[in-house]
Amino acid sequence: MDNATKLSTLIESNKGIITTKCVEANGIPRQYLSLFVAEGKLQRAGQGIYLSPDAFEDTMYLIQCRSEKIIFSNETALYIHELTDRDPLLYSVCVPRDYGIARLKQSGVVVYTVKKELHGLGKETVKTIHGRDIYAYNIERTICDIIRYRNRMDADMFSTALKRYTSGTPRNLSRLMDYAKAFRIGKTVRQYMEVLL
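Residues numbered from 1 in each chain as written. Predicted model: local features only at pLDDT ≥ 70, side-chain atom pairs only at ≥ 80, totals over all residues. Heavy atoms only, no water.

1. Re the environment of S167
Alright, step 1. Take S167: it is sitting in helix α9 (residues 155-167).
Alright, step 2. Within polar-contact distance, the side chain of S167 engages the backbone oxygen of K163 at 2.8 Å. (Helix = DSSP H or I, 4+ residues; strand = E, 2+ residues; numbered from the N terminus. Polar contact = N/O pair within 3.5 Å; in protein donor to acceptor, adjacent residues only side chain to side chain.)

2. Regarding the packing of aromatic side chains
Alright, step 1. Using the criterion set out here, one finds three aromatic pairs in the structure.
Alright, step 2. For the ring pair Y112 and Y149, a centre distance of 4.7 Å and an interplane angle of 55° mean the geometry is tilted. Taken together, the residues Y112 in strand β6 (residues 110-114) and Y149 in the loop between α8 (139-148) and α9 connect sequence positions 37 residues apart. The two residues Y112 and Y149 agree in class, both being buried.
Alright, step 3. The ring of Y137 carries R141 above its face, with NZ or CZ at 3.7 Å from the centroid. (Phe/Tyr/Trp six-rings, centres within 6.5 Å; stacked < 30°, edge-to-face > 60°. Buried < 20%, exposed > 50% of the residue type's maximum accessible area, 1.4 Å probe, protein only. Lys NZ or Arg CZ within 6 Å of the ring centre and 35° of its normal.)

3. A few points about the pattern of salt bridges
Alright, step 1. Considering all chains together, one arrives at 10 salt bridges under this definition.
Alright, step 2. The residue D85 makes a salt bridge to R164 at a minimum N-O spacing of 2.6 Å. Within this pair, whereas D85 is found in the loop between α5 (74-80) and β5 (92-96), its partner R164 is found in helix α9, the two being separated by 79 residues in sequence.
Alright, step 3. On the basis of relative accessibility, which here comes to 28%, the residue R164 falls in the partly exposed class.
Alright, step 4. Each member of the salt-bridge network shares a partner with another, and the members are R141, D145 and R148. (Salt bridge = Lys/Arg side-chain N within 4 Å of Asp/Glu carboxyl O.)

4. Quick look at the pairing of strand β2 (residues 43-46)
Alright, step 1. Looking at chain direction, β2 and strand β3 (residues 49-51) are connected through three bridges and run antiparallel. Bridge assignment links G46 to a residue of β3, and that residue is I49.
Alright, step 2. Here β2 folds back onto β3 in antiparallel fashion, the turn holding two residues, of which G48 has a positive phi close to 75°. (Pairing = 2+ DSSP bridges.)

5. Remarks on the sheet that holds β2
Alright, step 1. One open sheet holds the three strands; their spatial order is β1-β3-β2, and the pairing between them is antiparallel. A strand with exactly one partner marks an edge of an open sheet, and here the two such strands are β1 (17-19) and β2. In this sheet, neighbouring strand axes are inclined to one another by 35° on average, regardless of whether the strands run parallel or antiparallel. (Axes fitted to C-alpha atoms, helices over the stretch in contact; angles between N-to-C directions.)

6. A closer look at the environment of G186
Alright, step 1. With respect to the helices, strands and loops of the structure, G186 is situated in helix α11 (residues 186-196).
Alright, step 2. Spatially, the C-alpha atoms of G186 and C144 are 9.2 Å apart, while their sequence positions differ by 42 residues.
Alright, step 3. Beyond its immediate sequence surroundings of up to four residues, G186 is in contact with M177 and A180. (Contact = heavy atoms within 4.5 Å.)

7. Side note on helix α10 (residues 173-182)
Alright, step 1. Restricting attention to buried positions, one finds in α10 the residues L176, Y179 and A180. Buried residues in α10, looked at end-on, bunch into an arc of 100°, giving them a common side. Turned more than 90 degrees away from the buried face of α10 sit S174 and K181, all of them exposed.
Alright, step 2. On its buried side, α10 packs onto α8, α9 and α11. (Arc of directions from axis to C-beta.)

Below, the structure is given as structure tokens:
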């Protein structure tokens, strides 16, 4: 199979979105991406990210393609876990403190940073509405995050998320308290849970 055919097959298997990293990992020279762009078979969607003309523009997946260190958090994670009905106007992500955030912010993404050792706490793989894998924080980590940043959040969204968490299932209160302890907000989280449970 020649490289052009291999690339076409790879684009199809990735539902129309491809990265330079993926192309190189499959042994296809990166110049084939430029050829496909020149022929109108691909469009450049961002640095190292390409989209076929008939692909659904899966914005969350395109953001995720920028780096494995990006984890969807806060308001966006609330939406993913159905703790709010509001579609995010801007996507919220968390990255380690040493990660360069300028490009993300310029593209309209809300960026939170955290110590490297706490970055992966509660990370899980979830699906976008188009069925592609992305990283997001689990429900308990998300609850800790919104409590930590409650002064930056819409009060109604904050209240609704906490009510849905405490009245819904499944919830893992021991994991929630473990995360709260790691972020040194154990007392605050306990107070919210005592009021709502």
